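Structural overview for review
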Amino acid sequence: ASLTPDLVDHLKDRYPQCWFSATSGLSDGLTTALTQREQDIVVTADPPQSPGEFYIVPLLREPFVLVCTADLPPAEDFNDVILEQPFIRYSDQLPLGRRIEQHLNRLRIAPAGKYSFDASRSVFAMVGKARGWAITTPLCVLDSQDLLRNLEIRPLPAPGLTRTVYLAARRKELGDLPEILAALCRDLLHQRAIEPAIALAPWLKSELRILD
């Protein structure tokens with residue numbers, strides 16, 4: 001939501017005779033739609049696995065972050081007091097949720113909490129209500145800023161988990177449009193994602209990157 005309206009507005013000015021249809025959805029679903037020729041261009045964290053067939057360009061790399069109530073004591077690792085608080089999960093139907101669960105499994109961590117949601121807004125609302133914590137990304141945070149008044153964004157106690165967002169399109173079908181869109185996405189991500197995220201959590205300055 002922080003990117004798409006501005007992106008379409010730029011395209012409208014550049015291609016005034018064109019009609020635009022933008023679809024949101026899960027990363028893996030969008031990629032499947034691209035490979036099945038149901039979409040022309042996608043922005044996804046789950047790019048096609050056939051780089052020879054598709055134009056795939058990285059746009060942004062973001063760290064996973066911890067969202068918690070402000071009164072939760074700082075934690076040096078997941079075995080501190082944080083594990084005593086309820087963990088608010090993303091549904092395992094989401095690529096994001098599966099990625100987070102895989103990370104916790106690798107660390108052999110089984111947090112307390114039996115809450116699972118398929119939308120960031122629900123996750124953050126429940127973090128506040130249950131005085132718990134969640135793992136998410138800055139892009140997810142930016143689309144739900146109004147729910148963060150009593151919450152904090154902190155680095156993960158076990159860092160190193162990141163997500164890359166890509167633009168992907170079929171090769172040799174759309175001229176220079178994918179390259180134009182990639183450049184527009186980078187500019188807009190810098191304005192609409194990087195700067196606002198750093199304003200919310202200044203420590204993200206060294207972690208959140210536009211990729212050339």
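Residues numbered from 1 in each chain as written. Predicted model: local features only at pLDDT ≥ 70, side-chain atom pairs only at ≥ 80, totals over all residues. Heavy atoms only, no water.

1. Considerations on the environment of Y115
Put simply, the rule is: What counts as a helix is a DSSP run of H or I of at least four residues, what counts as a strand is a run of E of at least two, and both are numbered from the N terminus. Relative accessibility under 20% of the residue-type maximum defines a buried residue, over 50% an exposed one, and the middle range a partly exposed one, all with a 1.4 Å probe and only protein chains included. Here, residues are in contact when the closest pair of their heavy atoms is within 4.5 Å.
Checked against the element boundaries, Y115 lands in strand β5 (residues 115-117). Relative accessible area serves as the criterion here: at 32%, Y115 is assigned to the partly exposed category. Residues Y115 and G52 lie 63 residues apart in sequence; the distance between their C-alpha atoms is 41 Å. Every residue in contact with Y115, bar those within four places of it in the chain, is listed here: P86, F87, I88, R89, M126 and A130.

2. Comments concerning the environment of L59
Structurally, L59 can be placed in strand β2 (residues 54-63). Judged by relative accessible area, which is 0%, L59 ranks as buried. Separated by 87 residues in sequence, L59 and D146 place their C-alpha atoms 26 Å apart. Apart from the residues within four sequence positions on either side, L59 is in contact with V43, V165, Y166, L167, A182, C185, R186, L189, R209, I210 and L211.

3. Side note on the sheet that holds strand β9 (residues 209-210)
Short version of the rule: Paired strands, as defined in this entry, are two strands with at least two bridges between them according to DSSP. To get an axis, fit a line to the C-alpha atoms, keeping to the stretch in contact for a helix; angles then go from 0 to 180 degrees between the N-to-C directions.
Strands sit in the order β1-β8-β2-β9 across an open sheet of four strands; the sheet is antiparallel. Edge positions in the sheet fall to β1 (41-44) and β9, since each has one partner strand and no second. Of the strand pairs in this sheet, β1 and strand β8 (residues 162-170) are connected by four bridges, and their pairing is antiparallel. Within β8, the position partnered with V42 by the bridge is A168. Set on the sheet, helix α6 (residues 177-200) makes contact with β1, β2, β8 and β9; between it and β2 the angle comes to about 10°.

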